[in-house]
Amino acid sequence: MYLSRNIKPGRLRWGYAQVLAHPKMTEPNEVKVQVLLDIINSSAHQAIAEYKKTGHGVPGIDADTFHPLDFATDALALRKAIRLLEGACEQLNTILAPPQYTAYNFVNNHNWACIDVALQSRIADVLDKHPQGLSVDALANAVDHSKTKIARVLRVLALKGCFKEVRRDVFANTRLSLVLKSTNNAAAYIQQFPKGVAALYETMMDKEFAKSGEVAKPPQASAVRKEGKDNSFWEMNIFHRGMVGYSEIQCSSAVLHYYPWDSVSSVVDVGSGTGAMSIPLTKMFPHLRITNQDLPEALEMARNIWEKNAPEALLGGHIEFVPLNFLEESPVVGKDVYYLRSIIHDWPDNESMVILHRVLIHECVLLRNFEEPDVGANEFSKDHEAPEHTLLNFGSHTTHQLDLVMWLAFNGKERTLNEFKIIAASAGLALTQTYDLVGTMLLEFRIAQD
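Criteria and thresholds
Residues numbered from 1 in each chain as written. Predicted model: local features only at pLDDT ≥ 70, side-chain atom pairs only at ≥ 80, totals over all residues. Heavy atoms only, no water. Helix = DSSP H or I, 4+ residues; strand = E, 2+ residues; numbered from the N terminus. Buried < 20%, exposed > 50% of the residue type's maximum accessible area, 1.4 Å probe, protein only. Contact = heavy atoms within 4.5 Å. Areas by Shrake-Rupley, 256 points an atom, 1.4 Å probe, with all protein chains shown as cover. Salt bridge = Lys/Arg side-chain N within 4 Å of Asp/Glu carboxyl O. Phe/Tyr/Trp six-rings, centres within 6.5 Å; stacked < 30°, edge-to-face > 60°. Polar contact = N/O pair within 3.5 Å; in protein donor to acceptor, adjacent residues only side chain to side chain. Pairing = 2+ DSSP bridges.

Per an unreviewed UniProt entry, the protein chain is named S-adenosyl-L-methionine-dependent methyltransferase, and its organism is Suillus fuscotomentosus.

Topic: the overall build of the protein chain
When helices and strands are counted, the protein chain shows 19 helices and 12 strands. The buried share of the protein chain, reckoned over its 450 residues, is 47%. Taking all contacts inside the protein chain whose residues are at least 6 apart in sequence as the whole, residues at least 24 apart take part in 66%. Here the protein chain has roughly 23,100 Å² of accessible surface; of this, 54% comes from carbon and sulfur atoms.

Quick word on the pattern of salt bridges
With the rule as written, the count across this model stands at 10 salt bridges. Its salt-bridge partner being Glu165, residue Arg155 comes within 2.7 Å of it at the nearest N-O pair. In this pair, Arg155 sits in helix 8 (residues 147-158) while Glu165 sits in strand 2 (residues 164-167), placing the two residues 10 residues apart along the sequence. By relative accessible area, Glu165 is classed as partly exposed at 32%. A salt bridge links Glu320 to Lys335, with the nearest nitrogen and oxygen atoms 3.8 Å apart. Of this pair, Glu320 sits in strand 6 (residues 319-323) while Lys335 sits in the loop between strand 6 and strand 7 (337-341), placing them 15 residues apart in sequence. By relative accessible area, which is 32% here, Glu320 ends up partly exposed.

Describing the packing of aromatic side chains
Geometrically, a pair of aromatic rings is defined through the distance of the ring centres and the angle of the planes. On inspection of all chains with the given rule, the structure shows 6 aromatic pairs. Ring centres of Phe66 and Phe71 lie 5.0 Å apart, and the angle between their planes is 90°; on these two criteria the pair is classed as edge-to-face. Taking the centre distance of 5.2 Å and the plane angle of 45° together, the rings of Tyr189 and Tyr246 count as tilted. Linking Tyr189 in helix 9 (residues 185-190) with Tyr246 in helix 12 (residues 236-250), this pair joins segments that are 57 residues apart in sequence. Residue Tyr189 is classed as buried on the basis of its relative accessible area of 7%. Through a chain of ring-to-ring contacts, three or more aromatic side chains come together here, namely Tyr259, Trp261, Tyr339 and Tyr435.

Quick word on unusual backbone geometry
Unusually for a residue other than glycine, Arg122 sits at a positive phi of about 55°. Tracing the backbone shows Arg122 in the loop between helix 5 (111-121) and helix 6 (123-128). With a phi angle near 75°, Phe163 is a residue other than glycine that sits in the positive phi range. Structurally, Phe163 is set in the loop between helix 8 and strand 2. The class for Phe163 is buried, based on a relative accessible area of 1%.

Examining the environment of His257
Counting through the fold element by element, His257 comes out in helix 13 (residues 255-258). For His257, a relative accessible area of 33% corresponds to the partly exposed category. Each C-alpha atom of the pair His257 and Leu76 lies 9.9 Å from the other, and the pair is 181 residues apart in sequence. Ignoring anything within four residues of it in the chain, the contact list for His257 reads Thr73, Asp74 and Met284. A distance of 2.6 Å separates a polar atom in the side chain of His257 from a polar atom in the side chain of Thr73.

Here we look at the sheet that holds strand 3 (residues 170-172)
Pairing is antiparallel across the open sheet formed by 3 strands, whose spatial order is 1-3-2. Lying at the two open borders of the sheet, with one neighbouring strand each, are strand 1 (134-135) and strand 2.

Some details on the pairing of strand 11 (residues 429-436)
Looking at chain direction, strand 11 and strand 12 (residues 441-447) are connected through 7 bridges and run antiparallel. Residue pairing for strand 12: Ala430 is matched across the bridge by Arg446. Connecting the antiparallel pair strand 11 and strand 12 is a turn made up of 4 residues, with Val438 showing a positive phi of about 75°.

This is the structure:
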């Protein structure tokens, strides 16, 4: 029995009672499967509805252009539906597939390695000049690789809709592979993180790295050091392009639509980078006086980007650039809002306690349905509760994967809401409001009242 396709994810509990009451469905594990099928059905139809609202319909898996919703700053309803869809699909497959098959697939997923080949070889850039497709012979010559090996890599990715084989041995781009073009900011972020994954267990056993929480000693540092290379992610231009890409991946600009910026007059963007947040913020809310604070070399790059993308804001005189090392100095004083995005997760707890003396934190938050009882987490809405008859850790795997990325790259971590509250309390701050932006969450803190 399937539930009505019109049932919304937030109303799924009504459907559980119907499933449980069905006379032919009394076996508990079958009930769990049916619940997951209902979540998949309902959330998929909600996603379809969001795409149709744009007037462009649902994107095709072989589409060769981006959909208007792909880079929309306000696509929260779609992302909430996808969060449910991902969680339900993962658990459904784990239930129905033999465990040895699932465990094998955990380690036999080499998509990341094939993506790395595509990125470093700039395959998407080459194919972009041939929208009707390019033969694997010509492609292999263009990227200076073996024809046979390039074809094998592309066929693995094509199974996921990344590139397509339009006819035998002729490949073209898809909406997904276009993200891998060298000009795409998301590609700059994705390309930085393959290193260090294979070294995870090794560094957990290494005397130098095993118990170190130092920013300078993450697993990736061990991996690149053995190759005689530097940790190139910190090269300034690559780093800031990657941060813009990360913002696009997480749809971080949703914060522009859901925080009451009209109620404030001044904002300090701490760790502002090249203006990925502050430039669109000033365009949407031109009344704001914005202070960009980052390291001097970052602000030098930022000025050039502001002059190109928001010259009118600079002429208005309400934008300033003030150098800051937030581990050694405090931001400028007397402003309404101090905004930190994707800052805290780069650092271990001790450094985070130094940084976190501000009031608006925009980060990934690990969703857990069993929190420490002495702290509490009543701020979460019912959208964060694991649906009945599913595992407690139900949900998208994205934030947990990012937690591993922060560990691998920086010895940092993503945190639960409770962990943020504990760090904030050490700085005399109390959580007053949360905004669920799906991939990330906006946490508003104010000075704690005794």
